[in-house]
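# Residue-level structure breakdown
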Amino acid sequence: MPKQQDLCEDSRLLRLLADELLEYAQARQQTIVTAESCSAGMLAFAFAKGNGASQAFLGGFVAYTKEMKSRVLGVPPSLMKEKTAVCGEVADAMAIGALLQSDASIGVSITGVAGPDADEDGNPVGLVYCAVARKDGGHRHVRLNSAGQTPEAVIEEACSCALKLVKSFCFS
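Values in this document were obtained by computation on a predicted structure and should not be read as measured data.

Structurally, Glu36 can be placed in strand 1 (residues 32-36). The buried charged residue Glu36 lacks any salt bridge, with Lys69 as its nearest oppositely charged partner at 11 Å. A distance of 2.6 Å separates a polar atom in the side chain of Glu36 from a polar atom in the side chain of Ser39. When neighbours within four sequence positions are excluded, Glu36 is seen to be in contact with Gly41, Met42, Leu43, Ala44, Phe61, Val62, Ala63, Tyr64, Met94 and Ile110.

Let's shift gears to helix 7 (residues 151-170). Over its 20 residues, helix 7 extends 28 Å from the first C-alpha to the last, a length consistent with the 28 Å expected when each residue adds 1.5 Å. Burial within helix 7 is extensive, with 14 of its 20 residues counted as buried.

An α-helical turn contains 3.6 residues, so any two residues separated by three or four positions project in the same direction. Between its first and last C-alpha, helix 6 (residues 88-100) extends 18 Å over 13 residues, near the 18 Å set by a 1.5 Å rise per residue. Within helix 6, ten of the 13 residues are buried, which leaves it mostly tucked inside the rest of the structure. Among all positions in helix 6, only Gly88, Val90, Ala91, Asp92, Ala93, Met94, Ala95, Gly97, Ala98 and Leu99 are buried.

Spatially, the five strands line up as an open sheet ordered 2-1-3-4-5, and their pairing is mixed. Two strands in the sheet have a free side with no partner beyond their single neighbour: strand 2 (57-62) and strand 5 (139-145). Within this sheet the neighbouring strands show an average axis-to-axis angle of 15 degrees, counted without direction. Bridging between strand 1 and strand 3 (residues 106-112) involves five bridges; their strand directions are parallel.

How each quantity is defined
- Residues numbered from 1 in each chain as written.
- Predicted model: local features only at pLDDT ≥ 70, side-chain atom pairs only at ≥ 80, totals over all residues.
- Heavy atoms only, no water.
- Helix = DSSP H or I, 4+ residues; strand = E, 2+ residues; numbered from the N terminus.
- Buried < 20%, exposed > 50% of the residue type's maximum accessible area, 1.4 Å probe, protein only.
- Lys, Arg positive; Asp, Glu negative; His and termini not counted.
- Salt bridge = Lys/Arg side-chain N within 4 Å of Asp/Glu carboxyl O.
- Polar contact = N/O pair within 3.5 Å; in protein donor to acceptor, adjacent residues only side chain to side chain.
- Contact = heavy atoms within 4.5 Å.
- Expected span 1.5 Å × (residues − 1).
- Pairing = 2+ DSSP bridges.
- Axes fitted to C-alpha atoms, helices over the stretch in contact; angles between N-to-C directions.

Set out below in structure tokens:
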């Protein structure tokens, strides 16, 4: 189990990654929006605390339930019924939905199970999907397995994964 000091260090690393992405976005005149579920706004917080946030970060959506994912981000209920809310396709739909609900050029999303218990569909604690979508039409998702971690550590790892995905897909 991670120590509190380790989690604080992880938070600093998240802010450094977010700062780097904000700098890249500003240099390319791009903007970022987030759509989060299990991370409950931590990704947006990392961007909002970053240097240049007011120029490159437009805001974020926290859609914790399936109903909110559908209502706010336009994720099809049929997709969540077929695949559950914790899958790559839902992560993609959340990132694209955030783009459609904003003027951002990059949407990034996180959906998963932080814990302490499995979700209503039986998805295990630590299963997370992160996705990124660009206004120009490209998108990608990745699966993260943080089994055995505390909820806080799952969230930190999910945010780090999402930030690294944005960097590799949009700024490499």
